[in-house]
Amino acid sequence: MATVAEPSFPLKGRRVWVAGHRGMVGSAVVRRLAGEDCTVLTAGRDRVDLRRQAEVEAWMADERPDAVVVAAAKVGGILANSTRPAEFIYDNLAIETNIIHAAWRTGVSKLLFLGSSCIYPRLAPQPIPEDALLTGPLEPTNEWYAIAKIAGIKLCQAYRKQYGCDFISLMPTNLYGPGDNFDLTSSHVLPALLSKIDRAKRDGLEAVELWGSGKPRREFLHVDDLADASVFLLQNYSGDIPLNVGTGTDVMISELAELIAGVVGYTGRFVYDTSKPDGTPRKLLDVGQLARLGWTARIDLRAGVESTYDWYRANVAQPAVP
Ligand code: GFB
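Residues numbered from 1 in each chain as written. Predicted model: local features only at pLDDT ≥ 70, side-chain atom pairs only at ≥ 80, totals over all residues. Heavy atoms only, no water.

## Things to note about the site of the ligand
- Neighbouring residues of the ligand: 22 residues in total, closest Ile78, Lys196, Arg218, Pro277 and Asp278.
- Between the ligand and serine 116 there is a distance of 3.0 Å, counted from an oxygen atom to a side-chain nitrogen or oxygen.
- The backbone of serine 187 places a nitrogen or oxygen atom 3.0 Å from a nitrogen atom of the ligand.
- Expressed as a share of its isolated accessible area of 700 Å², the protein-covered part of the ligand is 97%.
- Mapped by element, the contributors of at least two residues to the shell around the ligand are helix H3 (78-83), helix H6 (189-203) and strand E7 (207-211).
- The residue inventory of the shell around the ligand, partitioned by class, reads 10 nonpolar, 8 polar and 4 charged. (Near = heavy atom within 4 Å. Polar contact = N/O pair within 3.5 Å; in protein donor to acceptor, adjacent residues only side chain to side chain. Areas by Shrake-Rupley, 256 points an atom, 1.4 Å probe, with all protein chains shown as cover. Helix = DSSP H or I, 4+ residues; strand = E, 2+ residues; numbered from the N terminus. Nonpolar A, V, L, I, M, F, W, Y, C, P; charged D, E, K, R; others polar.)

## A look at the nonpolar core
- Ranked by size, the top nonpolar core spans 42 residues in total, and within it Trp17, Leu50, Met60, Ile99, Leu111 and Tyr120 carry the most contacts.
- Those elements that place two or more of their residues in this core are strand E1 (15-19), helix H2 (53-63), strand E3 (67-70), helix H4 (85-105), strand E4 (110-114), helix H5 (143-163) and strand E5 (167-172).
- A per-element tally of this core places H5 first, with 7 residues.
- With 32 residues, the next largest nonpolar core counts Phe9, Val223, Phe232 and Tyr237 among its residues. (Core = buried A, V, L, I, M, F, W, Y, C linked by side-chain atoms within 4.5 Å. Buried < 20%, exposed > 50% of the residue type's maximum accessible area, 1.4 Å probe, protein only.)

## Side note on the pairing of E3
- With burial as the criterion, each face of E3 is covered, one bearing Ala67 and Val69 and the other bearing Val68 and Val70.
- One ladder, built from 4 bridges, connects E1 with E3; its direction is parallel. Residue pairing in the sheet places valine 16 in a bridge with alanine 67 of E3.
- Sheet analysis places E3 next to E4, joined by 4 bridges and oriented parallel. Residue pairing in the sheet places valine 68 in a bridge with leucine 111 of E4. (Pairing = 2+ DSSP bridges.)

## Here's the deal with the sheet that holds E4
- Strand order across the open sheet formed by 6 strands is E2-E1-E3-E4-E5-E10, with parallel pairing between neighbours. Every interior strand has two partners, whereas the edge strands, strand E2 (39-41) and strand E10 (243-245), have only one. Recorded for the sheet is a direction-independent mean angle of 20° between the axes of neighbouring strands.
- Sheet topology note: the E1/E2 ladder contains 3 bridges and is parallel. Paired with arginine 15 across the strands is threonine 39, a residue of E2.
- Contacts between helix H1 (residues 24-33) and the sheet are confined to E1, E2, E3 and E4, with E1 contributing the most and set at about 160° to the helix.
- Its contacts with the sheet place H4 against E1, E3, E4 and E5, and it is angled at close to 170° to E4. (Axes fitted to C-alpha atoms, helices over the stretch in contact; angles between N-to-C directions. Contact = heavy atoms within 4.5 Å.)

Right, dumping it as structure tokens:
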């Protein structure tokens with residue numbers, strides 16, 4: 001856990017609303033906030049549909065949070081992003097617009113908006129600096145989601161500029177960890193490979209199919225590291241630059257598959273379905289600004305995959321058929 005001498009926004013005694021507390025990111029932020037002397041507020045879907053402005057405004061007017069973490073979002077892997085564009089653009093625009101506008105109206109002192117590294121141009125310089133935003137065309141498989149997340153950054157900047165709101169944005173790289181989505185039709189690559197490789201081992205399959213060429217490179221950050229960075233920045237950062245959050249290193253998808261095979265104990269081979277998209281060739285974030293503020297990731301990829309696999313076996317995997 002990162003600490004600095006005197007946080008500019010100490011959480012002690014504050015009411016902090018984690019919007020999206022049932023998701024992988026929101027639940028990690030709730031776990032991390034348990035270590036702070038603050039009151040954590042959550043709202044189930046039965047109470048507030050975040051896509052409905054009136055419901056969001058009523059909830060915030062009733063609960064009066066001092067700080068908000070916008071961890072609620074419609075998320076998914078490359079296939080879900082490219083086949084369900086309307087959901088990805090509409091749900092995300094509605095959620096962030098409703099929360100950010102209501103936060104201004106109800107006088108929230110601090111808001112943290114979580115974006116994604118896919119906001120950057122498809123062929124951005126590597127590692128990607130924050131100022132690469134809006135300098136080139138987006139990756140087509142996820143432009144709907146990216147446009148919504150860019151709008152979220154711009155909302156925070158606009159409310160800061162016009163109304164003086166202390167609303168900040170963070171751009172995490174590809175995330176994984178406990179609470180991830182392991183459904184093969186909508187998941188990201190890391191949980192998909194854990195699930196496929198675990199199944200192949202248990203069924204004694206000789207090969208596992210991977211999508212694309214296996215050559216794209218991705219950076220993977222454990223969600224507990226992201227939660228720690230979020231709590232650190234909530235307390236210590238007030239600026240309009242959307243800050244990158246990552247580990248500073250990336251791997252090829254084929255290397256990730258080998259690493260997961262090692263963790264699972266699978267000795268078969270991989271075959272590549274090149275009818276599926278590769279997506280962005282590379283998206284390694286430049287994490288220099290965050291490091292200069294005093295925060296760096298701590299969870300190594302192998303250790304993070306091992307603990308996520310333990311969580312998967314305890315919570316998701318079907319028991320082997322006798
Ligand atoms: O994680 P992923 O779906 O998302 O895919 P992106 C990363 C890479 O892994 C792609 C390959 O090159 C995929 O083709 N891959 C190989 C697989 N096998 C599989 C598999 O079984 N499932 C999946 N899902 N991928 C997403 C964006 O892009 O990243 C979102 O679509 C978001 O908007 C998210 O930004 C973080 O990294 O390509």
